[in-house]
Structures are given as C-alpha cells and as structure tokens.
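# Breakdown of the fold
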Amino acid sequence: MSKQIVHHQSQSLWNYTLSPGWTMKEVEILNLALMKFGIGKWRKIINSECLPGKSIGQIYMQTQRLLGQQSLGEFMGLSLDLKKVYLHNMQKKNVFRKNNSIINTGDNMTQEERKKRIDENKKNFGISPADIVLIKLPRYHVNSQTSFLSHDEILEGNFTTVEKINNLCELKKDILRKLKKIENGELEEALDDEIEQKRRYKKVMTDSDSSSA
C-alpha cells in the first residue's frame, strides 16, 4: 500500500472511543473494510466475513467514532483515509461532541450541500483505486449468530430517531426468536452453540494478534 495512507502522528491523536463490544483488533479490521468497500456499504462488510458476529448497527456506531462525527451522509459511498478525516475533525473548534464525535446541532443538509461535501471529502480524503486493491481483509468463517445492540446501547448511541427505531425493531425480533426457542425447549442448545462460536472467534482473533506481534 502506498505511503498515502500511512500515518506518523502520535497515537494520542487517533484516540477514538470504542463502541461497547469492540476490541482494538476488530476496529483495525473495520477501518480496512471501510476503506476497501466504502462508507455505507454495510452489507458488503457483513458478507465479507471479516467481522463475524457484528451487526450493521454496531458497525454504523463504530464508524461514527472512527470518523469523529455523528452524521455520515457526506461520506456515503466513499473509500477514505479515515484517520485523516478523524484528525481533521479533532482540530475543529466551537463544535459539540459526544464520545469524541461531533454531533449535529444545525439543520439537515440539502441534496446539493450533501453532494458538494461528498465531492470535497473525496478530493481531500479519498484513497486511490490502486491502494484499495491492495487492502486485504481476513475471513474467519465463524458462523456465529448476528449480534444485536442492547437496549441501553441503542438509546445512548449517536443514532437518529429512525435508526434507533430500526435497531429496537431488530432487537425485538431477536428477543422474540429466543422466546420461541424457549417455548420449543431449544434455547440451551442454541446458547451452547453461540458460546462455542464466540469462543472459536475469540481464539482466531487472539491467534491473529499473536502472529502479527
């Protein structure tokens, strides 16, 4: 990969806040996946199997923290150097922040404003197709069930009202699915399988950390 996306700044400047349930290794993988597929390509990230067990809601929330701002509209579809965007946002003054992320306080952007910002962000922070091709993602083949945000994570996260409703609906579906398994006497078997899948995934991530040390 070219030097274009290699940084030498102090790690303290790249001090984003982890969302609940994320490890630093997983965030590093998400950073690469977002550069490879583009911001907003949540389903492609899920289907790549580089982050098994993560839901779209979890990926969305951690992406906000990686970029250092709540609104992602001006980045949608772009493959960016996320660290440059984050450092740029950390230098902004007179803004409101939560978990180090800039939060919305004004009116929503018009379509013209959004398109203009997307073009500017592509010019200022975009990475080249040649660099994108060189990005390699792990594929863990761990068939764990999709994980969901908890009730508190949804309500306390930097989500819009619509996103909170969508995440709560997904959580409701998961709860109803588990209640159905309880009725059918299948819950213990399902939980044992989920625990084993998470154990395997944790071992894979640990082995990956050890090999890269």
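Everything below is about the structure shown above.
This section reports on the structure supplied with the text. (Residues numbered from 1 in each chain as written. Predicted model: local features only at pLDDT ≥ 70, side-chain atom pairs only at ≥ 80, totals over all residues. Heavy atoms only, no water.)

With that settled, the discussion passes to the overall build of the chain. In terms of helices and strands, the chain carries nine helices and two strands. The order of helices and strands in the chain, counted from the N terminus, is α-α-α-α-β-β-α-α-α-α-α. Looking at the chain as a whole, 38% of its 213 residues qualify as buried. Of the contacts formed within the chain by residues at least 6 apart in sequence, a portion of 71% connects residues at least 24 apart. As displayed, the chain has an accessible area near 12,900 Å², and 52% of this comes from carbon and sulfur atoms. (Helix = DSSP H or I, 4+ residues; strand = E, 2+ residues; numbered from the N terminus. Buried < 20%, exposed > 50% of the residue type's maximum accessible area, 1.4 Å probe, protein only. Contact = heavy atoms within 4.5 Å. Areas by Shrake-Rupley, 256 points an atom, 1.4 Å probe, with all protein chains shown as cover.)

Moving on: helix H5 (residues 111–125). The end-to-end C-alpha distance of H5 is 21 Å, a good match for the 21 Å that 15 residues give at a rise of 1.5 Å each. The complete set of buried residues in H5 reads Ile118, Asn121 and Phe125. Each buried residue of H5 sits inside an arc of 70° when the element is viewed along its axis, so together they form one side. What points out from H5, more than 90 degrees from its buried face, is the exposed set Glu112, Lys115, Lys116 and Lys123. Where H5 is buried, its residues meet helix H4 (82–90). (Expected span 1.5 Å × (residues − 1). Arc of directions from axis to C-beta.)

Here the distance between the centres and the angle between the planes together describe a pair of aromatic rings. Per the counting criterion, the structure on display carries one aromatic pair. We note lysine 54 situated over the ring of tryptophan 22; from NZ or CZ to the ring centre the distance is 4.5 Å. (Phe/Tyr/Trp six-rings, centres within 6.5 Å; stacked < 30°, edge-to-face > 60°. Lys NZ or Arg CZ within 6 Å of the ring centre and 35° of its normal.)

Viewed as axis vectors pointing N to C, helix H1 (residues 24–37) and helix H3 (residues 56–67) meet at an angle of 85°, and their least axial separation amounts to 11 Å. In terms of orientation, H1 lies roughly perpendicular with respect to H3. Together, Val27, Leu30, Asn31 and Leu34 of H1 and Ile59, Gln62, Thr63 and Leu66 of H3 make up the contact between the two elements. Tallied by class, residues from the contact of H1 with H3 come to five nonpolar, three polar and no charged. (Axes fitted to C-alpha atoms, helices over the stretch in contact; angles between N-to-C directions. Parallel < 35°, antiparallel > 145°, perpendicular 65-115°, else oblique. Nonpolar A, V, L, I, M, F, W, Y, C, P; charged D, E, K, R; others polar.)

Bringing H3 into the picture now. Over its twelve residues, H3 runs 16 Å from end to end, which matches the ideal 16 Å to within 8%, given 1.5 Å per residue. By the criterion of burial, H3 is predominantly enclosed, with eleven of the twelve residues buried. Residues Gly57, Gln58, Ile59, Tyr60, Met61, Gln62, Thr63, Gln64, Arg65, Leu66 and Leu67 constitute the buried set of H3. Count one or two residues on from H3 and you reach glycine 68, which has phi positive near 80°.

Moving on, we get to the environment of methionine 76. Mapping methionine 76 onto the fold places it in the loop between H3 and H4. Measuring from C-alpha to C-alpha, the distance between methionine 76 and glycine 40 comes to 5.3 Å, with 36 residues separating the pair along the chain. Look past the residues within four positions of methionine 76 in its chain and what remains in contact with it is Ile39, Gly40, Trp42, Tyr60, Arg114 and Ile118.

Relative to the helices and strands, asparagine 89 is located in helix H4. Given a relative accessible area of 1%, asparagine 89 falls into the buried group. Of the polar contacts made by the side chain of asparagine 89, one reaches the side chain of glutamine 69; its length is 3.1 Å. With sequence-adjacent residues up to four places away left out, asparagine 89 is seen in contact with Leu67, Gly68, Gln69, Arg97 and Ile102. (Polar contact = N/O pair within 3.5 Å; in protein donor to acceptor, adjacent residues only side chain to side chain.)

Taken together, the side chains of Ile175, Leu176, Leu179 and Ile182 make up a nonpolar region of the molecular surface, amounting to roughly 360 Å² of accessible area. With respect to the element layout, leucine 179 can be found in helix H8 (residues 161–183). (Patch = residues over 30% accessible without salt bridge, like charges linked within 9 Å, V, L, I, M, F, W, Y side chains within 5 Å. Salt bridge = Lys/Arg side-chain N within 4 Å of Asp/Glu carboxyl O.)

That is the geometry; function is a separate question.
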